[in-house]
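# Structure assessment
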Amino acid sequence: MTDGIRKLLVEKGKEELEAPWRPYPFTKDKDADKLLNDLKHYPHAFVIACICDRQMKAEKAWLVPYLLQQRIGTFEFSSLCALAIENLKHHMGKPTSLHRFTPTTAKNIHSALALIAHRYGGDASGIWKRKPSSAEVVYRFLELRGVGVKIATMAANILARTFKVKFRDYYSIDISPDVHVRRVFTRLGLMREKAPNEELIYRARALSPEFPGLLDSPAFEIGRNWCRPKKRMCGECFMREECPSASAG
Ligand code: SF4
């Protein structure tokens, strides 16, 4: 039964990986999404959004680059980089706080901008350009202050799956232990209920060793669309034939 589940998840993951690029709806704001999807001109917007994506709702965190652009009046790298830390804190904090932890996040962004200027000549896409290995990309994100393994692998996964950035390999891109993903893996019988995140991560590595994070998106979509916490729409879920928890009807 697990093999059928694995095949379906891998198939769906590959479908997404091989689909042509199209703008991704990171937020519900089309202008914010336009900035985040413009990896060519504003790769640092993507990096800043990743830095903000902690300790607050993702949709709100991914809005920060655009709201910051509105407050500063530009999002050119040189202008952002020239901002003193106090100015950046001011823009992030007033008139309303852009992040739950604005002072710390402003410090993290300021430090990332300095690193990008120094290490990548002001072009954040240096983090992922020229086909590095997945481990190298994850490592480069980890070098940014405030970015942990979860965000670093999520960033590499989005670059590969959504932006179609080519890496030398995909071994080091793990699945993200998101609440939807955990629920779906549990109901599919792929991990124990309330098991630690490591169980999910290693299960995904065992199921899809060449690219464990490939399973992230199919599981997330199942959880968001059909396998809700209190309601299961098994009749519409593409896992219904294989899932041990599928209910009739
Ligand atoms: S078949 Fe039902 S229980 Fe299984 S993953 Fe799909 S919605 Fe969830």
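Residues numbered from 1 in each chain as written. Predicted model: local features only at pLDDT ≥ 70, side-chain atom pairs only at ≥ 80, totals over all residues. Heavy atoms only, no water.

## Description of the side chain of R183
For R183, the position within the fold is in helix α11 (residues 179–187). Within the buried set, R183 has no salt-bridge partner at all; the shortest N-O distance to an opposite charge, 6.8 Å, is to D178. The residues contacting R183, other than those within four sequence positions of it, are G223, C227, R228 and P229. (Helix = DSSP H or I, 4+ residues; strand = E, 2+ residues; numbered from the N terminus. Buried < 20%, exposed > 50% of the residue type's maximum accessible area, 1.4 Å probe, protein only. Lys, Arg positive; Asp, Glu negative; His and termini not counted. Salt bridge = Lys/Arg side-chain N within 4 Å of Asp/Glu carboxyl O. Contact = heavy atoms within 4.5 Å.)

## Regarding helix α3 (residues 43–52)
Counting buried residues along α3, 10 of its 10 residues qualify, which places the element largely inside the surrounding structure. Those residues of α3 that sit buried are P43, H44, A45, F46, V47, I48, A49, C50, I51 and C52.

## A closer look at the domain arrangement of the protein chain
Along its sequence, the protein chain is organised into domain 1 (2–19 + 172–236) and domain 2 (30–127). One C-alpha centre belongs to domain 1, the other to domain 2; they are set 31 Å apart. (Domains from an automatic or database assignment.)

## Considering the site of the ligand
The full set of residues close to the ligand is L188, I222, W226, C227, R232, C234, C237, R240, C243, S245 and A246. Its residues assigned to classes, the shell around the ligand shows 8 nonpolar, 1 polar and 2 charged. (Near = heavy atom within 4 Å. Nonpolar A, V, L, I, M, F, W, Y, C, P; charged D, E, K, R; others polar.)

## Some thoughts on helix α5 (residues 64–72)
By the burial criterion, the buried members of α5 are V64, P65, Y66, L68, Q69 and I72. For α5, the secondary structure elements touched by its buried residues are α2 (30–37), α3, α4 (58–61), α6 (77–81) and α7 (85–93). Immediately downstream of α5, the backbone of G73 shows phi near 95 degrees, a positive value.

## Some remarks on the nonpolar core
In terms of nonpolar packing, the biggest core is built from 81 residues, with F46, W62, W128, F141, L159, F167 and F185 touching the most fellow members. Both domains that furnish three or more residues to this core are identified here as domain 1 (2–19 + 172–236) and domain 2 (30–127). Among all residues touching L159, those that are not within four sequence positions of it are L39, F46, W128, V137, F141, K164, V165 and F167. (Core = buried A, V, L, I, M, F, W, Y, C linked by side-chain atoms within 4.5 Å.)

## Overview of the environment of D216
Topologically, D216 is positioned in helix α13 (residues 216–225). Since its relative accessible area comes to 9%, D216 is described here as buried. Note: C-alpha distance between D216 and I175 (41 residues apart in sequence) is 5.2 Å. Apart from residues no more than four positions distant in its own chain, D216 is found in contact with N157, R161, I175, S176 and V181. Among the polar contacts made by the side chain of D216, one reaches the main-chain amide nitrogen of S176 at a distance of 2.7 Å. (Polar contact = N/O pair within 3.5 Å; in protein donor to acceptor, adjacent residues only side chain to side chain.)

## Quick look at the packing of aromatic side chains
For the structure shown, the criterion picks out 11 aromatic pairs. With a centroid separation of 5.9 Å and 90 degrees between ring planes, the pair formed by F46 and W128 is classed as edge-to-face. Note that F46 is positioned in helix α3 and W128 in the loop between α8 (102–120) and α9 (134–142), a separation of 82 residues in sequence. Each member of the pair, F46 as well as W128, is classed as buried. Residue classification places F46 among the buried positions, given a relative accessible area of 0%. (Phe/Tyr/Trp six-rings, centres within 6.5 Å; stacked < 30°, edge-to-face > 60°.)

## Brief notes about the pattern of salt bridges
By the definition in use, this model includes 12 salt bridges. Residue E136 is joined to R140 by a salt bridge in which the shortest nitrogen-to-oxygen separation is 3.1 Å. Of the two residues, E136 and R140 are both situated in helix α9; the distance of 4 residues between them amounts to about one turn of the helix. Relative accessible area serves as the criterion here: at 31%, E136 is assigned to the partly exposed category. Here R224 ties to E221 by a salt bridge, and the two come within 3.1 Å at their closest N and O atoms. One end of the pair is R224 and the other is E221, both in helix α13 and 3 residues apart, which spans about a single turn. Look at the salt bridges and you will find they share partners, linking D3, R6 and K7 into a network.

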